[in-house]
Structures are given as C-alpha cells and as structure tokens.
Amino acid sequence: MTRAIGIDIGGTGIKGAVVDTENGQLLTERIKLDTPRGGKPDDVASVVSEIYQQLNETAPTGVCVPSVVKNGVTKSAANISHEWIDYQAKERFQSDLGQKVTIINDADAAGLAEMRFGSGKQRDGLVIMTTLGTGIGSAMFINGQLVPNSELGHIEIGGKDYEKVASYRAKERYQLSFDRWAKRLQRYYQQLEMLFSPDLFIVGGGISKSHELFLPNINIQTEIIPAEFRNNAGIIGAAEQAFEKQ
Ligand code: BGC
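This report concerns the structure included in the present document. The structure displayed is predicted, hence computed values, not measured ones.

What counts and how
- Starting from 1, residues in each chain are numbered consecutively following that chain's sequence as written.
- Residue-level local features of this predicted model are given only where pLDDT is at least 70; pairs of side-chain atoms are given and counted only at 80 or more, and the full residue set underlies all totals for whole chains, interfaces and linings.
- Only hydrogens and water are set aside; all other atoms, that is, all heavy atoms of the structure, feed into the side-chain values.
- Using a grid of 1 Å spacing that covers the protein atoms alone, one calls a set of points a cavity when a 1.4 Å probe fits there but cannot get out, and a pocket when the set is open and has protein on both sides within 12 Å along at least five of seven lines; lining residues are those with an atom within 4 Å of a point.
- Grid points are joined across faces, edges and corners, and a volume is the space filled by probe spheres set on the points.
- The helix and strand labels rest on DSSP assignments: H or I over at least four residues marks a helix, E over at least two residues marks a strand, and numbering proceeds from the N terminus.
- Each residue is assigned to one of three groups, with Ala, Val, Leu, Ile, Met, Phe, Trp, Tyr, Cys and Pro labelled nonpolar, Asp, Glu, Lys and Arg labelled charged, and all others, Gly among them, labelled polar.
- Source of the domain bounds: an automatic or database domain assignment.
- To estimate how far a helix should reach, multiply one less than its number of residues by 1.5 Å.
- Partly exposed residues are those whose accessible area sits between 20% and 50% of the maximum for their type, while under 20% is buried and over 50% is exposed, using a 1.4 Å probe and protein chains only.
- Any two residues whose heavy atoms approach within 4.5 Å at even a single point are treated as in contact.

## Brief notes about the layout of surface pockets
- As a volume, the largest pocket reaches approximately 980 Å³.
- Around the largest pocket sit 39 residues that line it, and Gly10, Gly11, Asp106, Gly133 and Thr134 are the ones nearest its centre.
- Broken down by secondary-structure element, the contributors of at least two residues to the lining of the largest pocket are β1 (3-9), β2 (13-20), α3 (106-117), β9 (126-132), β10 (136-142) and α7 (233-245).
- Here the residues of the lining of the largest pocket are counted per class, giving 11 nonpolar, 20 polar and eight charged.
- Residues from two domains meet in the lining of the largest pocket; each of domain 1 (3-105 + 232-245) and domain 2 (119-227) gives at least three.
- Considering only enclosed or pocket space, the second largest pocket measures out at about 460 Å³ in volume.
- Around the second largest pocket, the lining is made up of 22 residues, and of these Ile104, Leu146, Pro148, Gln241 and Lys245 lie nearest the centre.
- If you list the elements that add at least two residues to the lining of the second largest pocket, you get β6 (69-70), β8 (101-105), α3, β11 (145-147) and α7.
- The element best represented in the lining of the second largest pocket is β8, accounting for five residues.

Have a look at this one:
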C-alpha cells in the first residue's frame, strides 16, 4: 500500500491529508483546523484526532512538529508552548489514534518532500533545505539520507539567534523590504556555506512562492533554488516518513 497520512502541526493551523507515497500527491482534500490558543500538546492532540477522524482512513500516520524530535519525544520549543519539551508525542498520538504514528521535525518533513518529489529529487552530496517562516527550519541530507534535527535556524551570527533576524516573521516584524531582507539572508547563507560547503540549498516556506523577489539577490557560490512544495510540504514529508518507517 502506498497510502499514508501526513499531519502538519503549525503555529496557526494544523493540516492533514492522505498522501500517495509513490509520487507525493495528495489523495484527499486537505483538512485544515486552527491550532488551539497557546498550542499546548493536549489541546493540539485533540485537533490531530479530529483531523484523523475526518480523513476516515486507516494508514501509517506521520505527524510533523516545529521541535527537535528524538525517539518520538519532542525535545525543544522555540516558537511553541514549552509543554512540548520532553513530551511523549508519539505515545500520545498512537494511543489517541489507535494507529502507528511517526513523529518528525517540520523542516525535516518539508525537506523529505523536496528530496523525494521536488527540487531536491535525485540530488546527491550535501543538500541543505531551509524553511523561512515563523522561525527558520532546516533539513540536511547526505546523498538523499536525512540527518535529522539540524536546527540551523538557531546559528548565531553577530551574537544573535539568526532566525530572530532573518525569518519571514522577522521580515514582517521589522517591516523589511525584500531587498533589505535579502541582505540578512545573504549573511545567513554565506555563513552556512562557510560552515558546511553544501552542494545545494533549497529555500522553502510559504514565502518561497515569491522567490524571484529575494533569491536573485543572494550571491553565494552554492546553487540556491526555491522549493517546489509550499504549504503541503510538511504533510507530504510526514506521510513519506511514516511510509518509509512502517
Ligand atoms: C525550531 C525548529 C523548526 C523551525 C521551523 C525553529 O524555531 O527550532 O525545530 O523546524 O523553527 O518551524
């Protein structure tokens, strides 16, 4: 069976769909419900259950979260409720859904979607995917193999946690034009290039649909391209992970 369920827990919405893991296509309508106020794990878990019920499908299920994930336990909470730190997410979702569940970091999921079906397809070497949103998420791949939980959005440059300087939220908060934002991104990608010498950068997050407004102004030696999947990348990657791990 090549069907799996992907559920993406975000700061404002929780989205889910059934995915064809052979080609990354959504096989159902995407269901999107609001993230409960405060984003506490117990409240989020009820919404995840509701989406699962509505999908009305029995299939391996992947859930992605904006947190470091180790063995099904969420370990960090940069932009979400602190109750997610050391939360037994896998155990909780499995008992709620009565179904095998895989938990993965949201950027790792988005990266997996790109590597299997999008801009990173058949790309070898070191590929770094970054997602520009509320925070900066990252996913690293060596020859297509994910090295999970890289958290490169928190690299410090000039003594600052750089997602606070260069995420899409920072662009909005400081009302930066695309040109000014690109200057900050330039510094960021230059730093990553210096540290990792990757073969490819993929830039995702909702704003990557406007890539022509900022990517051409990032001048580095490494190839840097937009992601193909935008808002569905997390769903597709989470489903893919569930399928591969079943
Ligand atoms: C978190 C990451 C997450 C990223 C994107 C960061 O603040 O630390 O785990 O992937 O935001 O949501």
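## Some details on helix α1 (residues 41-55)
- Over its 15 residues, α1 runs 21 Å from end to end, which matches the ideal 21 Å to within 8%, given 1.5 Å per residue.
- By the burial criterion, the buried members of α1 are Pro41, Val44, Ala45, Val47, Val48, Ser49, Ile51, Tyr52 and Leu55.
- Buried residues belonging to α1 abut β1, β2, β4 (31-34), β5 (61-65) and α2 (89-97).
- Trailing α1 by a residue or two, Asn56 shows a phi angle of about 55 degrees, which is positive.

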